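Letter by letter, the chains look like this.
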Amino acid sequence: PDTTFWGRFPNLVAGFFYIFVAARISQRFLPRLLGRALFLLLLLNPFLLEFFSLARGYGLSIALMLGSCYYLLRYREEHKSLRLFWALLLASLAVLANYTLLNFWFALVAALLFLGFRVGSRSLVSTAGFSLFFALLLLVVLYEPIRTLVHIDAFYFGGEEGFFSDTVGSLTRYSLYEP
């Protein structure tokens, strides 16, 4: 049905997934006190309440990105292809939820290739193969929507005061709960 609840339901589920993955990362990869501090930092960001309550892709993309980071950390430990697959799958789904996460996707691939290079040629080949597969899949899925957005000039949002003030300054102010 076309209701507010069902429009926001995917982000509600993503919020629970985000909390679960944040807890897993905090417990598994950090000492107890530092892990608890990270968990609180991941949950107390004022933007998260907004992102997970909107009927848009922000909450989905953030949850999927954190899940991808979790599997990146697991791949760093174990070097198993399944961890690599999940990291790239979740990152690719995050891109579909919010196109600006293409930057994250490329950074993740670079990190995975670096890890694959450090481990050995077999790991590097599987990393490159999975990365190429997901890159081609994203290219096929995203080509037409991005071409259309470029055609209608929808990538320009404009700033009024300059790069630093419009990005870093405003994010800092809002993160400190200033109106």
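Provided above is the structure to which this section pertains.
Residues numbered from 1 in each chain as written. Predicted model: local features only at pLDDT ≥ 70, side-chain atom pairs only at ≥ 80, totals over all residues. Heavy atoms only, no water.

A. Layout of the overall build of the protein chain. If you tally the helices and strands in the protein chain, you get eight helices and zero strands. N-terminal to C-terminal, the α/β element order of the protein chain is α-α-α-α-α-α-α-α. The C-alpha extent of the protein chain, read off along each of the three principal axes, is 50 × 50 × 45 Å. Classification of the 179 residues of the protein chain by burial places 29% in the buried group. (Helix = DSSP H or I, 4+ residues; strand = E, 2+ residues; numbered from the N terminus. Buried < 20%, exposed > 50% of the residue type's maximum accessible area, 1.4 Å probe, protein only.)

B. Examining the environment of L88 more closely. Within the secondary structure layout, L88 lies in helix α5 (residues 81-97). Classification of L88 by relative accessible area gives buried; the value is 0%. When the C-alpha positions of L88 and L138 are compared, they lie 11 Å apart, and in sequence the two are 50 residues distant.

C. Spotlight on the pattern of salt bridges. All chains considered together, the criterion is met by five salt bridges. Put simply, R28 and E77 hold a salt bridge, and the shortest N to O gap is 3.1 Å. Linking R28 in helix α1 (residues 4-29) with E77 in helix α4 (residues 58-78), this pair joins segments that are 49 residues apart in sequence. When its relative accessible area of 41% is taken as the criterion, E77 is described as partly exposed. Taking the shortest distance from any N to any O, the salt bridge between R83 and E78 comes out at 2.8 Å. Three or more residues are tied together by salt bridges with common partners; here these are R28, R74, E77, E78 and R83. (Salt bridge = Lys/Arg side-chain N within 4 Å of Asp/Glu carboxyl O.)

D. Examining α5 more closely. Here α5 spans 24 Å end to end across 17 residues, near enough to the 24 Å set by a 1.5 Å rise per residue. In the core, the buried residues of α5 are packed alongside α4, α6 (102-119) and α7 (121-151). (Expected span 1.5 Å × (residues − 1). Contact = heavy atoms within 4.5 Å.)

E. Focus on α1. Taking 1.5 Å of rise per residue, 26 residues should cover 38 Å, and α1 covers 37 Å from first to last C-alpha, within 8% of that figure. Largest kink in α1: about 35°, centred on P10. Contact partners of the buried residues in α1: α2 (32-43), α3 (46-51) and α4. (Bend = angle between axes of the 7 residues up to and from the residue.)

F. Region of interest: a nonpolar patch on the surface. Judged by side-chain polarity, F5, W6, F9, L12, V13, F16 and I19 come together as a nonpolar surface patch covering roughly 680 Å² of accessible area. Relative to the helices and strands, F9 resides in helix α1. What makes F9 partly exposed here is its relative accessible area of 32%. (Patch = residues over 30% accessible without salt bridge, like charges linked within 9 Å, V, L, I, M, F, W, Y side chains within 5 Å. Areas by Shrake-Rupley, 256 points an atom, 1.4 Å probe, with all protein chains shown as cover.)

G. Highlighting the side chain of S68. With respect to the helices, strands and loops of the structure, S68 is situated in helix α4. If near-sequence neighbours (up to four positions away) are discounted, S68 is found in contact with A87, L90, A91, F104 and L108.

H. Layout of the packing of α5 against α7. At a minimum axis separation of 10 Å, α5 and α7 run at an interaxial angle of 20°. Taken as axis vectors, α5 and α7 run roughly parallel relative to one another. Crossing angle aside, the handedness with which α5 passes α7 is right-handed. Two secondary-structure elements touch here, α5 through S81, L84, F85, L88, L89, S92, V95 and L96 and α7 through S126, T127, F130, S131, F134, L138, V141 and L142. (Axes fitted to C-alpha atoms, helices over the stretch in contact; angles between N-to-C directions. Parallel < 35°, antiparallel > 145°, perpendicular 65-115°, else oblique. Left-handed = near helix turned anticlockwise from the far one by under 90°.)

I. A look at the nonpolar core. If you look at the biggest cluster of nonpolar residues, it comprises 20 residues, and the most contacted ones within it are L88, V95, W105, L108 and L112. Counting residues per element, the ones that place at least two in this core are α4, α5, α6 and α7. Per element, the largest residue contribution to this core is seven residues, and it comes from α5. For L112, the residues in contact, after removing those within four places along its chain, are L72, Y75, L84, L88 and T127. One finds V21, I25, L42 and F52 within the second-largest nonpolar core, a separate group that totals twelve residues. (Core = buried A, V, L, I, M, F, W, Y, C linked by side-chain atoms within 4.5 Å.)

Just geometry here; none of it tells us what the structure is for.
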